[in-house]
Amino acid sequence: MLTVLAITGACDAQSRIHGDWLVTPVKQKAQVFKRANGKELVLDNGLVRRVFRLTPNVACVDYKNLVNGQQLLRAVKPEGSLIIDGHTYNIGGLYGQTENAYLVPDSVDHYQAHDQDLHFVSYSLSDLQPFINWKPVGWAMNKQQPTGKMVSFVYGSTDAALGGILVKVNYELFDGIPLMVKWVSVENKSERTIIVGRVMNEMLALVEEESAVVGSTEQMKKQHGIYVETNYAFNNAMRYDLSDQTTHWLADSTYTSQVNYNYQTPALLEIYPEKVTAVKLKPGEVYKSVRSYELLMDSYDRERRGLAIRQMYRTVAPWTTENPIFMHLVSKTDDEVYRAIDQCAATGYEALILSFGSNCDMEDITIANINRWKKIAGYAHSKGIRIGGYSLFSSRRISDEDDVIDPVTGKPDAVAFFGHAPCMGSKWGLAYIKKLETFIGDAGFDIFENDGPYPGDVCASIVHPGHAGLGDSQWRQMELQKGLYHWCSEHGVYVNAPDWYFLDGTNKIAIGYREVNFSLPREDQKILNRQNIYDGLWEKTPSMSWGFVPLTRYQGGGPEAVLEPLSAHLKDYEQLMMQYYGAGVQACYRGPRLYDSRATGRVVISVINWYKKYRAILNSDIIHLRRADGRDWDGIMHVNPQLKTKAMVMLYNPLKEKITRIIQLPVYYTGLTNKATIKEKEGMPMQYLVSRDYTVTLKVTLQPESYTWFVIE
């Protein structure tokens, strides 16, 4: 435990950081201290400050973005709420505020606590501990776990019905980023089983984003100064905002002075999973709520907001910065696998994934099958190649007994997200997880590609051993899916999974594409792929996404669509590789081989060597320059002020004619302020002046249907 510091309020004002945290690393560390009045506890890292009144109960009374000075809080609310055995309890909270449009600090002295609420008992401080004990194996942009401080507030109750029930509200404050994580734990120290219903781990009365006399809660804009993600998101959208299952923006009926005549302003934020209503908690068990990642924003600019979110992921989920160079092998025989391993080793690839339709069944845990793949994995490892396999969970039918049961009709699969779906809590589902862990562990696989990860299907079965009924079915299945990903991360197993499980250990998600588009002519595919890259990397780092390059016929199309034979389409093959590697994005090069001739092999080696030479900058953040539209040039720019290479610009000309253009490069996030040294490809460097608006004027000439790149130092 850490000693609590007593610091006067005057010291709080000095903690604001000078400079831009997205350009210059913040040296100030997170701190937790008690103010001199003894009534308030402060969490502060120089970028964000959150203050809690401790008496007569705990309540947040100050939530401030220290970067731009924005105060987010307008009123006091409980720290959260929970339902136990059908009874609702507020966690902490103070009462007596009469004007809910703003909070006057001195007025808090007159607020009172309610006896029926859970009351504050004590708090403890500690250094931040890793949420997942990730075991990094290959190259990663960041192999360091986050640092910071954690505060746990302990609550009790005078209600005999809550005897032996320990509730904690936990805050994690991170170093170097305006970010906090909040979660609630319920520990059953009694001798009886309790039913935990809805657990609301965050409740904030936020300043409204806008005022309108008429308008619904759904129509009106939400507070832009705070961005919230939780580790409870799914639905195959490949974007968090569309996958979120826990964020609820509501009207606040106590805010009677708001402009909206029907009191519908979205000024109350609550965080909870809606479909989790009845989780049995046996004696000795601990329930841990979703984790709310609260990132404070200082701008409306889309690029800057995206940069902040990307930095959040690099900080709290460093496993997402791992980015192995992999091939997606389609194989029917073991000999084909051995040949592909040899090709990967010869070209500089680092991993081989046995794609869907291949000859690897990860659910077969017979001794013969495991020994067979253990031998192949050993050969791959001897060549420096990681190896992995593919397994589909959802969108497949198992049986009436094992599939999800519709709560309305009582029939299997009636409302499954993908049409068919097994329940992860069924006998088959529990065995499925055990089989995967057994196969991966015993065969020595390093990568797990989990297609159709659990998409949130509820299940009304009361006989599945992994959940009790409808009220806990989603929660229990999520815990099972997360548990598998935690196990993989902690055992050095890289995970591709096309849904939003990043905060629970997955490494990569699909960038977002329509599969049938790979049946289109290669000329169209090149432009569409660049659009996918541009659109898919606003809020994800390059290493968080995979693209797709089918080398053989895929879902249709003729000779104009496929790359095989590779030697006959070498220019297109090279450009498709350069587009993805130039974005820092690994694509699934799906086929039986990486090259079919010495000339093809030389091209693959050249691209991989180029990528490895510039790997650090190519895995850095992207600044969006111009989206591909087939009418003119398009391009992106990687930036990283911490590297010697400050930026890498990738430009493309889709036209059938040579073009010359004057391009304004925004170099603010490179950290360069006066001069920039720029060279095209490996040419001679030239110096350019950085203008007062942090741009560099660059004249470029692009040959017909070509690409080029520029290095900025």
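Residues numbered from 1 in each chain as written. Predicted model: local features only at pLDDT ≥ 70, side-chain atom pairs only at ≥ 80, totals over all residues. Heavy atoms only, no water.

**A short note on the overall build of the protein**
The helix and strand tally for the protein stands at 11 helices and 36 strands. Its C-alpha atoms give the protein a radius of gyration of 27 Å, within 12% of the compact-globule value 27 Å for 713 residues. Its C-alpha atoms give the protein principal-axis dimensions of roughly 80 × 65 × 50 Å. In the protein, which comprises 713 residues, the proportion classed as buried is 58%. Put simply, 70% of the contacts in the protein that link residues at least 6 apart link residues at least 24 apart. Within the structure as shown, the protein displays about 28,000 Å² of accessible surface, and the carbon and sulfur contribution to it stands at 51%. Separation between the mean location of the 76 positive side-chain charges and that of the 80 negative ones in the protein comes to 6 Å. (Helix = DSSP H or I, 4+ residues; strand = E, 2+ residues; numbered from the N terminus. Rg over C-alpha atoms; globule rule 2.2 N^0.38 Å. Buried < 20%, exposed > 50% of the residue type's maximum accessible area, 1.4 Å probe, protein only. Contact = heavy atoms within 4.5 Å. Areas by Shrake-Rupley, 256 points an atom, 1.4 Å probe, with all protein chains shown as cover. Lys, Arg positive; Asp, Glu negative; His and termini not counted. Charge placed at Lys NZ, Arg CZ, Asp CG, Glu CD.)

**Section: a nonpolar patch on the surface**
A grouping of Val213, Val214, Val259 and Tyr261 is seen on the molecular surface, where their side chains present a nonpolar patch of about 440 Å² in accessible area. The exposure class of valine 259 is partly exposed, given its relative accessible area of 41%. (Patch = residues over 30% accessible without salt bridge, like charges linked within 9 Å, V, L, I, M, F, W, Y side chains within 5 Å. Salt bridge = Lys/Arg side-chain N within 4 Å of Asp/Glu carboxyl O.)

**Points about the pattern of salt bridges**
Under the counting rule described, the total for this entry stands at 42 salt bridges. For arginine 53, the salt bridge goes to aspartate 109, with nearest N and O atoms at 2.9 Å. Of the two residues, arginine 53 sits in strand 4 (residues 48-53) while aspartate 109 sits in the loop between strand 8 (87-91) and strand 9 (119-127), which places them 56 residues apart along the sequence. Aspartate 109 sits in the partly exposed class, given a relative accessible area of 44%.

**Remarks on the sheet that holds strand 14 (residues 202-206)**
Ordered in space as 6-14-17-16, the 4 strands form an open sheet in which the pairing is antiparallel. If you trace the sheet from one side to the other, it starts and ends with strand 6 (73-75) and strand 16 (247-251), each paired once. When strand polarity is set aside, the average angle formed by the axes of neighbouring strands in this sheet is 45 degrees. Where strand 16 lies against strand 17 (residues 266-271), 5 bridges are found, and the strand directions are antiparallel. Among the inter-strand pairings, histidine 248 is bridged to a residue of strand 17, identified as glutamate 270. (Pairing = 2+ DSSP bridges. Axes fitted to C-alpha atoms, helices over the stretch in contact; angles between N-to-C directions.)

**Concerning unusual backbone geometry**
For the bond from threonine 55 to proline 56, the omega torsion is 5 degrees, close enough to zero to count as cis. Residue placement: proline 56 occurs in the loop between strand 4 and strand 5 (59-65). Along the chain, glutamate 564 connects to proline 565 via a cis peptide bond; the corresponding omega equals -5 degrees. Mapped onto the fold, proline 565 is located in the loop between strand 27 (545-550) and helix 9 (570-583). Non-glycine residue asparagine 235 carries a positive phi angle of around 145 degrees. Considering the arrangement of structural elements, one finds asparagine 235 in the loop between strand 15 (226-230) and helix 2 (240-243).

**Quick word on the confidence of the model for the protein**
Scored by pLDDT, the protein comes out at a mean of 96, with 98% of its residues at no less than 70. Confidence over residues 1-11 falls short of pLDDT 50; this stretch has 19 contacts with residues more than four positions distant or in other chains. (pLDDT = per-residue confidence, 0-100.)

**Examining the packing of helix 8 (residues 522-536) against helix 9**
Viewed as axis vectors pointing N to C, helix 8 and helix 9 meet at an angle of 0 degrees, and their least axial separation amounts to 11 Å. With respect to helix 9, the axis of helix 8 lies roughly parallel. Along the contact surface, helix 8 presents Arg522, Lys526, Asn529, Arg530 and Ile533, while helix 9 presents Asp572, Gln575, Leu576, Gln579, Tyr580 and Ala583. Considering only residue class, the contact of helix 8 with helix 9 consists of 4 nonpolar, 3 polar and 4 charged. (Parallel < 35°, antiparallel > 145°, perpendicular 65-115°, else oblique. Nonpolar A, V, L, I, M, F, W, Y, C, P; charged D, E, K, R; others polar.)

**Considerations on the nonpolar core**
Burial of nonpolar side chains together is a common tendency in soluble globular proteins. Phe153, Tyr349, Phe445, Tyr573, Tyr581, Tyr589 and Trp610 are the most contacted members of the largest nonpolar core, which totals 127 residues. Top contributing element to this core by residue count: helix 9, with 8 residues. Ignoring any residue separated from it by four or fewer positions in sequence, one finds tyrosine 349 in contact with Ile325, Phe326, Met327, Cys344, Ile385, Tyr581, Tyr589, Leu594, Val604 and Ile608. Val23, Ile177, Ala351 and Met544 belong to the second-largest nonpolar core, a separate cluster that totals 71 residues. (Core = buried A, V, L, I, M, F, W, Y, C linked by side-chain atoms within 4.5 Å.)

**Considerations on the sheet that holds strand 31 (residues 647-653)**
In space, the 6 strands of this open sheet follow the order 29-30-31-36-33-34, with antiparallel pairing throughout. Lying at the two open borders of the sheet, with one neighbouring strand each, are strand 29 (621-626) and strand 34 (686-689). Neighbour to neighbour, the strand axes of the sheet diverge by 25 degrees on average, direction disregarded. Both strand 30 (residues 634-639) and strand 31 contribute to a ladder of 6 bridges, which runs antiparallel. By the bridge assignment for strand 31, isoleucine 636 is matched with methionine 650.

**Some thoughts on the side chain of asparagine 45**
Position of asparagine 45 among the secondary structure elements: in the loop between strand 3 (40-44) and strand 4. Residue classification places asparagine 45 among the buried positions, given a relative accessible area of 0%. Reaching out from asparagine 45, the side chain makes a polar contact with the backbone nitrogen of valine 48 at a distance of 3.0 Å. Only 2.8 Å separates the side chain of asparagine 45 from the backbone oxygen of isoleucine 177, close enough to count as a polar contact. Ignoring any residue separated from it by four or fewer positions in sequence, one finds asparagine 45 in contact with Ile17, Val26, Gln28, Lys29, Ala30, Leu173, Phe174, Gly176 and Ile177. (Polar contact = N/O pair within 3.5 Å; in protein donor to acceptor, adjacent residues only side chain to side chain.)

**With respect to the environment of isoleucine 608**
Looking at the element boundaries, isoleucine 608 is found in helix 10 (residues 598-613). Each C-alpha atom, one on isoleucine 608 and one on glutamate 682, is 16 Å from the other, the two residues being 74 residues apart in sequence.

**Overview of the pairing of strand 20 (residues 292-296)**
Most of strand 20 is tucked away: 5 of the 5 residues are buried. Burial along strand 20 is two-sided: Ser292, Glu294 and Leu296 facing one way and Tyr293 and Leu295 facing the other are all buried. Alignment of strand 12 (residues 179-188) against strand 20, held across 4 bridges, turns out to be antiparallel. Following the sheet pairing, lysine 182 is matched in strand 20 by serine 292. Sheet analysis places strand 15 next to strand 20, joined by 5 bridges and oriented antiparallel. By the bridge assignment for strand 20, glutamate 229 is matched with tyrosine 293.

**Quick word on the environment of isoleucine 353**
Mapping isoleucine 353 onto the fold places it in strand 22 (residues 351-354). A C-alpha to C-alpha distance of 6.0 Å links isoleucine 353 and methionine 327, two positions 26 residues apart in sequence. Beyond its immediate stretch of four places on either side in the chain, isoleucine 353 contacts Phe326, Met327, His328, Leu329, Gly388, Ile447, Glu449 and Asn496.

**Side note on helix 5 (residues 367-382)**
Taking 1.5 Å of rise per residue, 16 residues should cover 22 Å, and helix 5 covers 22 Å from first to last C-alpha, within 8% of that figure. Of the residues making up helix 5, those classed as buried are Asn369, Ile370, Trp373, Ile376, Ala377 and Ala380. Buried residues of helix 5, viewed axially, fall in a sector of 130 degrees; they line one side. For helix 5, exposure combined with an orientation more than 90 degrees from the buried face picks out Ile367, Ala368, Lys375 and Ser382. Contacts made by the buried residues of helix 5 are with helix 4 (334-347), strand 22, strand 23 (386-392) and helix 6 (427-443). Of the residues flanking the end of helix 5, it is glycine 384, one or two places downstream, whose phi is positive at about 80 degrees. (Expected span 1.5 Å × (residues − 1). Arc of directions from axis to C-beta.)

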